[in-house]
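Topology and contacts: notes
Chain by chain, the residues:
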Amino acid sequence: MLASDSRRPYDQVIRTACGACPAGCGVKFYVKDGRVVDLLGDETHPVNRSALCAKGSAFFQHFYHPARLLQPVMRHAPDQDFSPCGWDEALNFAASRLKDVIKVHGPSSVAVLASDGLDVGNRIGVARFSAHFGAQILGQIQSSPDEVAAAMFGVEAAPFLTVPPDEWTRTGCLLLIGGDPAVEYPVAFRHVLEARARQTPIIAVGPRYTATLSKADFAFQIRPGSEAVFLLALAKVAFEEGLPNSTFGMHLAGLDKWHAAAGDLSWEDIKRLTWLPEASVRRAGLIWATPPPGILVGGGGVSQRDCRGPVCSAERRTRTRHIESGCRHGYEGRGHRPLEKPDQFCV
């Protein structure tokens with residue numbers, strides 16, 4: 001038995017793709033008497049090379065769960081219990097209710113929120129379904145609920161994923177903040193390890209010492225919720241050292257506003273809000289802003305918190321997962337989207 005084999009008895013191995021998210025990681029289903037008994041990552045698959053996240057490792061557990069729904073269930077009022085029904089009955093009921101709502105309140109009263117786990121075919125189906133009813137598509141469930149709020153209420157939200165992980169190995173510096181991808185997303189974290197093996201500086205920032213921080217060249221433990229202030233402090237270092245005249249500010253939207261916002265942030269404020277001394281922040285800022293350009297990878301710790309108060313007001317402008325410090329999309333090793341509107345920062 002190979003080291004990559006299951007320890008459970010099996011008579012068949014089926015290689016396929018995990019369906020827990022759109023990443024499409026390769027998995028091996030171990031089957032015994034027609035029943036899945038184990039699942040491991042496929043070491044020959046180019047996407048994950050055997051690595052699996054917690055969701056992927058547990059992907060098959062719902063197959064035989066006693067609470068799994070095998071047919072539609074329906075109720076006509078919130079105070080009623082669900083009861084099994086046929087597909088025709090369920091679809092007719094849902095369609096009639098949608099038509100009633102649209103007839104009374106108009107097409108804009110119906111919104112569609114699609115899971116990010118849908119494949120391309122199903123996403124096209126969602127678009128066609130929405131177009132048929134004239135409904136609005138709020139977007140896909142990603143790391144931040146702000147995208148939905150933006151579609152519903154017109155609030156400006158951060159962009160979705162921008163820099164693919166396979167570009168992380170070709171950047172001048174990697175800044176990881178607001179999450180623990182070594183545990184949460186090991187499939188992508190292998191690109192971080194590859195970047196480190198290529199002597200790319202890895203900066204990791206978080207409120208606690210995580211597996212990600214343990215793999216970084218420079219690890220910074222900050223006050224919980226102060227990620228945005230830390231990022232603005234890095235910009236402050238770049239401005240004070242004159243680096244925006246080179247790589248950092250080459251394509252920075254609203255450079256004058258960024259300069260003013262960074263200037264209004266004193267080092268006393270930075271220490272009070274982040275719990276980091278000036279020397280530590282300056283060290284990170286010099287590494288981050290010095291050419292060649294780097295890539296920032298943010299996590300759910302930034303995007304999913306309930307933002308209230310001065311620190312969180314600043315954080316609203318850093319919810320994008322990847323922010324470039326150099327050139328535009330299309331150049332190897334650089335980010336896709338510029339930082340903009342620093343006037344939204346307030347401390």
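Everything that follows concerns the structure shown earlier in this document.
Bear in mind the structure is a predicted one, so any value in this text is a computation, not a measurement.

**Overview of the overall build of the chain**
A count of helices and strands for the chain gives 13 helices and 12 strands. In the chain, which comprises 347 residues, the share counted as buried stands at 42%. Considering only contacts within the chain whose residues lie at least 6 apart along the sequence, 59% involve residues at least 24 apart.

**Quick look at the packing of helix α8 (residues 227-240) against helix α9 (residues 255-264)**
Geometry of a packed helix pair, given as the angle between the helix axes and the separation of the axes. Remark: α8 packs on α9, axes separated minimally by 9 Å, with the N-to-C direction vectors making an angle of 105 degrees. When the axes of α8 and α9 are compared, the pair comes out roughly perpendicular. In this structure, α8 contributes Leu232, Ala235, Lys236 and Phe239 to the contact, and α9 contributes Leu255, Trp258, His259, Ala261, Ala262 and Gly263. The class makeup of the residues in the contact of α8 with α9 is 7 nonpolar, 2 polar and 1 charged.

**Concerning the nonpolar core**
One finds Leu175, Ile203, Val205, Phe230, Leu234 and Val281 to be the most contacted residues of the largest nonpolar core, which totals 29 residues. Breaking this core down by element, the ones donating at least two residues are β8 (174-177), β9 (202-206), β10 (218-221), α8, α9, α10 (267-274) and α11 (278-289). Looking at this core element by element, the count peaks at 9 residues for α8. Dropping the residues within four chain positions of it, Ile203 is found in contact with Cys173, Leu174, Leu175, Leu176, Phe218, Phe220, Ala284, Ile287 and Trp288.

**Side note on helix α6 (residues 186-197)**
Quick reminder: α-helices carry 3.6 residues per turn. Residues three or four places apart thus point the same way. Helix length check: α6 (12 residues) gives 16 Å between terminal C-alpha atoms against 16 Å at 1.5 Å per residue, within 8%. Regarding α6, the residues found buried are Pro186, Val187, Ala188, Phe189, Arg190, His191, Val192 and Ala195. Turning to α6, the residues buried within the fold contact β8, α5 (181-184), β9 and α7 (211-215). Downstream of α6 by a residue or two, Gln199 has a phi angle that is positive, lying close to 70 degrees.

**Comments concerning α9**
Residues Trp258, Ala261 and Ala262 constitute the buried set of α9. The buried residues of α9 occupy an angular sector of 95 degrees when the element is viewed end-on, so they sit on one face. Residues of α9 that are exposed and point over 90 degrees away from its buried face: Asp256, Gly263 and Asp264.

**Some remarks on the pairing of β8**
Of the two faces of β8, the one lined by Leu174 and Leu176 and the one lined by Leu175 and Ile177 are each fully buried. Inspection of the sheet shows β8 paired to β9 by 4 bridges, in the parallel sense. Paired with Leu176 across the strands is Ala204, a residue of β9. As defined by bridge partners, β8 adjoins strand β11 (residues 295-298) across 4 bridges and the pair is classed as parallel. When the sheet's bridge partners are listed, Leu175 is paired in β11 with Leu296.

**Considering the sheet that holds strand β2 (residues 26-32)**
What the 3 strands build is an open sheet, ordered β1-β2-β3; its pairing is antiparallel. Two strands lie at the open edges of the sheet, namely β1 (12-17) and β3 (35-41), each paired on one side alone. Taken over all neighbouring pairs, the strand axes of this sheet differ in orientation by 30 degrees on average, direction set aside. Inspection of the sheet shows β2 paired to β3 by 6 bridges, in the antiparallel sense. Pairing of Lys32 across the sheet is with Arg35, part of β3.

**Section: the packing of aromatic side chains**
In total, this model carries 5 aromatic pairs according to the counting rule given. Here the aromatic rings of Tyr10 and Tyr30 are separated by 4.8 Å at their centres, their planes lie at 70 degrees, and the arrangement is edge-to-face. Taken as a pair, Tyr10 in the segment before β1 and Tyr30 in strand β2 lie far apart in primary sequence, 20 residues in all. For Tyr10, a relative accessible area of 29% corresponds to the partly exposed category. A centroid spacing of 6.2 Å and a plane angle of 80 degrees characterise the contact between Phe63 and Tyr64, whose relative ring orientation is edge-to-face. For Tyr64, a relative accessible area of 35% translates into the label partly exposed. Ring-pair connections join several aromatic residues into one group, and the members of that group are Phe29, Phe59, Phe63 and Tyr64. Sitting over the face of the ring of Tyr64, Arg35 holds its NZ or CZ atom 3.8 Å from the ring centroid.

**Quick notes on the pairing of β3**
It is a general feature of regular strands that their side chains alternate between the two faces of the sheet. With 5 of 7 residues buried, β3 is to be regarded as a mostly interior element. Between β2 and β3, which pair antiparallel one after the other, the connecting turn spans 2 residues, and Asp33 there sits at a positive phi close to 55 degrees.

What counts, and at which threshold
- Residues numbered from 1 in each chain as written.
- Predicted model: local features only at pLDDT ≥ 70, side-chain atom pairs only at ≥ 80, totals over all residues.
- Heavy atoms only, no water.
- Helix = DSSP H or I, 4+ residues; strand = E, 2+ residues; numbered from the N terminus.
- Buried < 20%, exposed > 50% of the residue type's maximum accessible area, 1.4 Å probe, protein only.
- Contact = heavy atoms within 4.5 Å.
- Axes fitted to C-alpha atoms, helices over the stretch in contact; angles between N-to-C directions.
- Parallel < 35°, antiparallel > 145°, perpendicular 65-115°, else oblique.
- Nonpolar A, V, L, I, M, F, W, Y, C, P; charged D, E, K, R; others polar.
- Core = buried A, V, L, I, M, F, W, Y, C linked by side-chain atoms within 4.5 Å.
- Expected span 1.5 Å × (residues − 1).
- Arc of directions from axis to C-beta.
- Pairing = 2+ DSSP bridges.
- Phe/Tyr/Trp six-rings, centres within 6.5 Å; stacked < 30°, edge-to-face > 60°.
- Lys NZ or Arg CZ within 6 Å of the ring centre and 35° of its normal.

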